[in-house]
Structure formats: C-alpha cells, structure tokens
Amino acid sequence: MKIFGIQLNKRTFIRWKIYIDRARMYIGYISFVMIAFMFLNDFKDETIRSFLDENKLITYPVMMVLFLLFSLILGRLDTKLGLRKEEMRNSATENPVTMEILSDLKEIKNKLES
C-alpha cells in the first residue's frame, strides 16, 4: 500500500522505528539541557539566585562542561567494567534469531571438524 508516495510495509515501519531509536539519544541531550536550566533557575536562596542571574554567561556553559566531563567519566567507567558487553550478551541470548544463528554456526563447525 502506498500513501503520499511512501510504500507502507513491514520494512518501512522497522526503518522508522530505527530512526526513532536513534533520535532518542539526541532527545536525551536536549532533555539534559532543559533539566540543567530548570535546576539552575529553581534556586530560591537570594545569594545563589543573584550570583546565577549576574553570571548566566558563565554558569550555564560551566554546567554543560561539567555534564560532558561527568558523561565521559561514566562512559569510561562503563567501558572498564564491561557493563555494555554483558548487557549485549544477555540481550543476544534472549533474541531467537541470534540463538538460531549461533546454533547453525555450531552445527557447521561440528560438520567441518568431523
């Protein structure tokens, strides 16, 4: 079926899902910026509030740099601990297609060895 010149089938919807999944990461960055602005604007203490209002050109960029540094440290820690690898391994064992490929590879290996 075609709507507006776009072929609507399973492959189209899967491709759109992949696009949306990729966009979530960037939306997360935008979310962080909005949360950082809300956090900085939520201070009620007069001294902190006046400091932030007088130095917006300094505090907001510093907050973004701190976020980037914190993100790099978390990413490095995740890489060192191997959490992502283990997560992917667990995800692969739950995927029936991956398990089917693995069993086929084992079968081919056994045939080649004998």
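Predicted model, so just to flag it, every value in this text is computed and none were measured. (Residues numbered from 1 in each chain as written. Predicted model: local features only at pLDDT ≥ 70, side-chain atom pairs only at ≥ 80, totals over all residues. Heavy atoms only, no water.)

Asks: What is the right way to read the packing of aromatic side chains from this model?
Replies: Two aromatic rings are characterised by how far apart their centres lie and by the angle between their planes. Tallying each qualifying case throughout the model produces three aromatic pairs. With a centroid separation of 5.4 Å and an interplanar angle of 90°, the aromatic rings of Phe-13 and Trp-16 are classed as edge-to-face. Separated by three residues within a single helix, Phe-13 and Trp-16 lie in helix H1 (residues 10–41), roughly one turn from each other. What makes Trp-16 partly exposed here is its relative accessible area of 33%. Measuring from ring centre to ring centre gives 3.6 Å for Phe-32 and Phe-67, while their planes differ by 20°; the resulting arrangement is stacked. Linking Phe-32 in helix H1 with Phe-67 in helix H3 (residues 56–81), this pair joins segments that are 35 residues apart in sequence. Take Phe-67: its relative accessible area is 22%, and that puts it in the partly exposed class. (Phe/Tyr/Trp six-rings, centres within 6.5 Å; stacked < 30°, edge-to-face > 60°. Helix = DSSP H or I, 4+ residues; strand = E, 2+ residues; numbered from the N terminus. Buried < 20%, exposed > 50% of the residue type's maximum accessible area, 1.4 Å probe, protein only.)

Asks: Would you mind going over the packing of H1 against H3 with me for this structure?
Replies: Helix packing geometry: the angle between the two helix axes and the distance between the axes. The interhelical angle for the contact between H1 and H3, taken along N-to-C directions, is 130°, at an axis separation of 11 Å. The angle between H1 and H3 places the two elements in the oblique class. Between H1 and H3 lies a crossing of right-handed hand. Along its contact with H1, which presents Phe-32, Val-33, Ala-36, Phe-37, Phe-39, Leu-40 and Asn-41, the element H3 presents Thr-59, Tyr-60, Met-63, Met-64 and Phe-67. A breakdown of the residues in the contact of H1 with H3 according to their chemical character gives ten nonpolar, two polar and no charged. (Axes fitted to C-alpha atoms, helices over the stretch in contact; angles between N-to-C directions. Parallel < 35°, antiparallel > 145°, perpendicular 65-115°, else oblique. Left-handed = near helix turned anticlockwise from the far one by under 90°. Contact = heavy atoms within 4.5 Å. Nonpolar A, V, L, I, M, F, W, Y, C, P; charged D, E, K, R; others polar.)

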